[in-house]
Amino acid sequence: MQFTKKIVAVVAGVAMCAGLTACGSSRTGQSGDGDKIEKGATIGISMPTKSEERWNKDGNNLKANLEKQGYKVILSFADDKPAQQNADIENMVNNDAKIVVVASKDGTAVGPAVEKARDAGAKVIAYDRLIMNTDAVDYYATFQLEQTGVLEATWLIDKLGLEDGATGPFNIELFAGSPDDNNSKYFFKGAWDLLQPYFEKGILVNPSNHGGGVKASDKAEDIWQKIGVQSWKAEQAQKDMESILDSTYAHGEKLDAVLSPYDGITQGVANAIESKRPDMKPGTDSWPYITGQDAMEISIANIANGKQGETVFKDVNKLANAVEELIIEIAEGKEVSGINGKFNNGNLDVPSKLLDPQGITIDNLSDLVKANYVTQSRFNELTKGTLLEDQIK
Ligand code: BGC
């Protein structure tokens, strides 16, 4: 079966290359070879999983946009399995996809599949997560990656009063995202660069041995994977947090803050605290300041009920629009606009479109309604009327 697919892909590749003036991809921000992609052509969208809220929104938004433009869309979700994602992409190639958009489960493991797509003449767009160690990536569209960590750390610094001279020492526990996701490194670096000076002064301390223990002298690139949560799983974060609490906070010790890079991880952390330290109450001084990312529905509820203080909102509607624009320009053989950065994937600098994330707290939670990210009625359900009327509007 695999073998048959390979042959089909190779034959498709040869057939397409024969019909085109140039195969392969430009790396310059030009869509390049002037070859047009017909309306009605197939575009593949490969998402990592259905089990996280955002990828459903991302995939469906982009699919709807592209279908409105007249393209056929194959949308697949890989169940967080690299082999499944590679099979999904091969299937897109076998269905003659002219462009594949990939939010990878594992940025390195997906390389061979996108190489097949490229060899078959398709353009490859890395969506949100960079595809690593291959030449077969034409463009990358994401949010300013380090900025996510900057927003999280800035909020923690503010809440702990560190810029106002608070000396602590404050106990903080640190989590990073999945070790197989290139984004995690940047999120953590953005945060660590701001927190590290307070570790150096002894104002922030990490008393647990989580990930081997984080010290002031550590560099972000050396620690992010050690404190990473595989596949961003809430259950794993909960287990990790439970063992942190058992080992280090079992006798009433104060936990001041938790750097969490994702709302699902935050939920795992909150579950662990509630089960191991029932004396710590959300919304009171006994509860730590906890960050997050994605403005998931659960985080809207958690921010309203005090379990979480901050999240980072990445407007996936805007990301879908940015990628749609990119696809149309590629399809029309135009120069690609809006490239405002590049990311090195180990093989090449990938021209990138970088959008701005926004920090969200109780003070601006209703911005999520204004951005049409969540409806007013759903927002009301999630916040259970705990917010003041003027905060909701
Ligand atoms: C995305 C985040 C998301 C995380 C978990 C990252 O690659 O950039 O927005 O929270 O994956 O799905």
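In the block above lies the structure referred to throughout.
Below is a short write-up of the structure. (Residues numbered from 1 in each chain as written. Predicted model: local features only at pLDDT ≥ 70, side-chain atom pairs only at ≥ 80, totals over all residues. Heavy atoms only, no water.)

What about the overall build of the protein chain?
When helices and strands are tallied, the protein chain shows 14 helices and 13 strands. Counting all 393 residues of the protein chain, 55% fall into the buried class. Taking the intrachain contacts of the protein chain between residues at least 6 apart in sequence as the baseline, contacts between residues at least 24 apart amount to 72%. (Helix = DSSP H or I, 4+ residues; strand = E, 2+ residues; numbered from the N terminus. Buried < 20%, exposed > 50% of the residue type's maximum accessible area, 1.4 Å probe, protein only. Contact = heavy atoms within 4.5 Å.)

Some thoughts on the site of the ligand
With respect to spatial proximity, 13 residues lie near the ligand, and among them Glu52, Asp128, Arg129, Asp181 and Asp294 are the closest. A distance of 2.6 Å separates an oxygen atom of the ligand from a polar atom in the side chain of aspartate 181. Within the side chain of asparagine 183, an N or O atom sits 3.0 Å from an oxygen atom of the ligand. Considered on its own, the ligand offers 310 Å² of accessible surface; in the complex 100% of this is hidden by protein. Of all the secondary structure elements, the ones that give two or more residues to the shell around the ligand are helix H2 (53-68) and helix H6 (182-200). Broken down by class, the residue content of the shell around the ligand amounts to 4 nonpolar, 2 polar and 7 charged. (Near = heavy atom within 4 Å. Polar contact = N/O pair within 3.5 Å; in protein donor to acceptor, adjacent residues only side chain to side chain. Areas by Shrake-Rupley, 256 points an atom, 1.4 Å probe, with all protein chains shown as cover. Nonpolar A, V, L, I, M, F, W, Y, C, P; charged D, E, K, R; others polar.)

Some points on the pattern of salt bridges
Taken as a whole, this structure holds 21 salt bridges when the rule is applied. The partner of lysine 276 in a salt bridge is aspartate 246, and the shortest N-O contact between them spans 3.2 Å. Here lysine 276 is found in helix H9 (residues 263-276), whereas its partner aspartate 246 is found in helix H8 (residues 234-248), with 30 residues between them in sequence. With a relative accessible area of 44%, aspartate 246 lands in the partly exposed category. A salt bridge links lysine 254 to aspartate 256; the shortest N-O distance between them is 3.7 Å. Judged by its relative accessible area of 40%, lysine 254 is partly exposed. (Salt bridge = Lys/Arg side-chain N within 4 Å of Asp/Glu carboxyl O.)

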